[in-house]
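Single-letter residue listing:
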Amino acid sequence: MTAPSASNDSLMEDIVGLCKRRGFIFPSSEIYGGYNGFYDYGPLGVELRNNIKQAWWRDFVQCRDDIVGLDSSIIMHPKIWKASGHVDGFSDPMVDCKESRKRYRADQVFCAPVVLDSETVGYVAYVEGADEASIVKQAKKLRDSLDRKQSKLDEQQLLGNATEFTEVSDLIREQTLGPDASKVGTLTAPREFKLMFETKVGPLADDSAVAYLRPETAQGIFANYKNVVDTGRVKIPFGIAQIGKAFRNEITPRNFIFRSREFEQMEIEYFISPEADWKTLHREWLDQCIDWLVSIGLPRESITEDVHPQEKLAFYSQATTDLMFHFPHGEQELWGIACRSDYDLKQHQEHSGKSMEIFDEASKSKYVPHVIEPSLGVDRTLLAVLAAAYCEDEVPNDKGQTEKRTLLKFSPRVAPYKAAIFPLLKNKPELVERADALYKKLQRRWNVFYDASGAIGRRYRRQDEIGTPFGITIDFDTIEKDGTVTLRDRDTCEQRRMSEAELIDFLEEQIEG
């Protein structure tokens, strides 16, 4: 197995710092020291998050005739999770280090051979996303512990032959130096760790009251499938979409909001005939998902496809392809598009005793439909948008001197603020009055920002850093001449004048497309 791509720790640190500094994302419960795996979204973060969700809902539900929406409850009957297989089988492989007392997900730990002078002398383990320098450093630590400092380390073997820790033998495990260990053999054999959060429903606290916070939104769709069929006047092929919270007791939540214990999903279950050309439909869904990611600002070249090999698929799955993105911590899954056959509906049909068949007018037959499932995380998408947008460059300041600036090149479609309105001077009532009137006019259609404090260049920089695409300045030409305003582009810093009518037309085209 090839190890995942290396991380860019400095970029992630810059993004995390900006998110905290400018009110995008805060560690949850920070006044009590934080709570690992949970995050809170601040004023700008909640706007960005909502814009992403609204764009997805608009494109995949409201602008399509074959998909309808649903909002199912977070806590559902525990029999749903028994039928879906989550109660018995929803777990991750866990491995502990007996020396450091740290815990890792075994499928995110990789084991690489340490070859000295053409002889394999042991192995080092590292966590997914580790950079090459840290892997080499770990290997040299093992080499030095063997009193072979003069031996030549084969870095090609080290970096090119990694194996997932779940696949290594006990013999190799006993010869492996853990990610945070100083001696070999401290990693335990992988064992299963249940991921569902349990809770109690009702006045009793015994086993009959056990329920679960949903680990995914998909089962709420399957459980309501018959309700939608009976009331929604839908016909094959059709889809049911849902945006909602899910909870997983992750072993090692990490990489900021990429892997957390509370997250939000945007999922579609698209129901098709068992006789449909599912391969063509699967490809169409992949293309539509890629196009949508590009439409919200992700570079096409940063999106790749990872096709799951047949031997890695679940027994009921016909195909699964993950859309991968180059996150700061390496190339990772962003959007999974799976062909799940009729497994889920038949499981619920068997356990509930209710028929999940649909009558197909086209073929005049009844059957349990198959499913294509595009599943996307809101938080991962937001992190991808932040990573793609983060930029540093140099621009001239008010004095003509070059200075460094940080900016977020958000697509206008998802930017928290679509535009910022500035009176050139805050001590000139006529400028302030005109700027305020334009602000209130634009505010009726879009989320815009008003700022009258500080030099105009500083105001531009503040908006650049939070990703506001356009700055609109009311100056003396506005009130004394032709009524035009100055429009500044965030990315290029270019400015041009236009009337209010032209401005509104321009913003409408840029924001709403």
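Above this text sits the structure in question.
Computed from a predicted structure; not experimentally measured.

Asks: Which residues make up the side chain of Thr252, and what values do they have?
Replies: If you trace the backbone, Thr252 turns up in the loop between strand S13 (238-247) and strand S14 (262-272). By relative accessible area, which is 15% here, Thr252 ends up buried. When sequence neighbours within four positions are dropped, the list of residues in contact with Thr252 reads Arg103, Tyr104, Arg105, Gln108 and Arg259.

Asks: An account of unusual backbone geometry is needed here, citing residue identities and associated values.
Replies: Across the junction of Ile236 and Pro237, the peptide omega takes the value -5 degrees, indicating a cis bond. Relative to the helices and strands, Pro237 is located in the loop between helix H9 (225-231) and S13. One non-glycine residue, Cys493, lies in the positive phi region at around 65 degrees.

Asks: Describe in detail the packing of aromatic side chains, supporting the description with residues and values.
Replies: Within this structure, the stated rule accounts for 23 aromatic pairs. Residues Tyr35 and Phe38 carry aromatic rings whose centres are separated by 5.4 Å and whose planes lie at 15 degrees to one another, so their mutual orientation is stacked. For Tyr35, a relative accessible area of 56% translates into the label exposed. Within the aromatic cluster, the residues linked to one another by ring pairs are Trp56, Trp57, Phe60, Tyr270, Trp285, Trp292 and Trp335. Above the ring of Phe258, the side-chain terminus of Arg380 is found at 3.8 Å from the ring centroid.

Asks: I'd like a rundown of helix H12 (residues 378-389), residues and numbers included.
Replies: Note that an α-helix has 3.6 residues per turn; residues three or four places apart therefore point the same way. The first and last C-alpha atoms of H12 sit 16 Å apart over twelve residues, in line with the 16 Å expected at 1.5 Å per residue. Burial analysis of H12 places eleven of its twelve residues in the buried class, the great majority of the element. Along H12, the residues that are buried comprise Val378, Asp379, Arg380, Thr381, Leu382, Leu383, Ala384, Val385, Leu386, Ala387 and Ala389.

Asks: How would you sum up the pairing of S14? Please name residues and give values.
Replies: Each regular strand carries side chains that alternate between the two faces of the sheet. The element S14 is largely enclosed, with a buried count of ten among its eleven residues. Inspection of the sheet shows S13 paired to S14 by ten bridges, in the antiparallel sense. Looking at the pairing, Gly239 lines up with Tyr270 of S14.

Asks: Describe the sheet that holds strand S26 (residues 485-489), with residues and values.
Replies: Adjacent strands of a sheet form backbone hydrogen bonds with each other and so pair up, either parallel or antiparallel. The strand order across the open sheet built from five strands is S24-S23-S25-S26-S27, with neighbouring strands paired in mixed fashion. The open sheet has two edge strands, strand S24 (448-450) and strand S27 (495-498), and neither has a second partner. Between one strand axis and the next, the sheet turns through 25 degrees on average, direction left out of account. Direction of pairing for strand S25 (residues 470-474) relative to S26: antiparallel, over a ladder of four bridges. Opposite Phe470, over in S26, you have Asp489 as the bridge partner. Helix H13 (residues 429-443) rests against strand S23 (419-423), S24, S25 and S26 of the sheet, and its axis sits at about 160 degrees to S24.

What counts, and where the lines are drawn
Residues numbered from 1 in each chain as written. Predicted model: local features only at pLDDT ≥ 70, side-chain atom pairs only at ≥ 80, totals over all residues. Heavy atoms only, no water. Helix = DSSP H or I, 4+ residues; strand = E, 2+ residues; numbered from the N terminus. Buried < 20%, exposed > 50% of the residue type's maximum accessible area, 1.4 Å probe, protein only. Contact = heavy atoms within 4.5 Å. Phe/Tyr/Trp six-rings, centres within 6.5 Å; stacked < 30°, edge-to-face > 60°. Lys NZ or Arg CZ within 6 Å of the ring centre and 35° of its normal. Expected span 1.5 Å × (residues − 1). Pairing = 2+ DSSP bridges. Axes fitted to C-alpha atoms, helices over the stretch in contact; angles between N-to-C directions.

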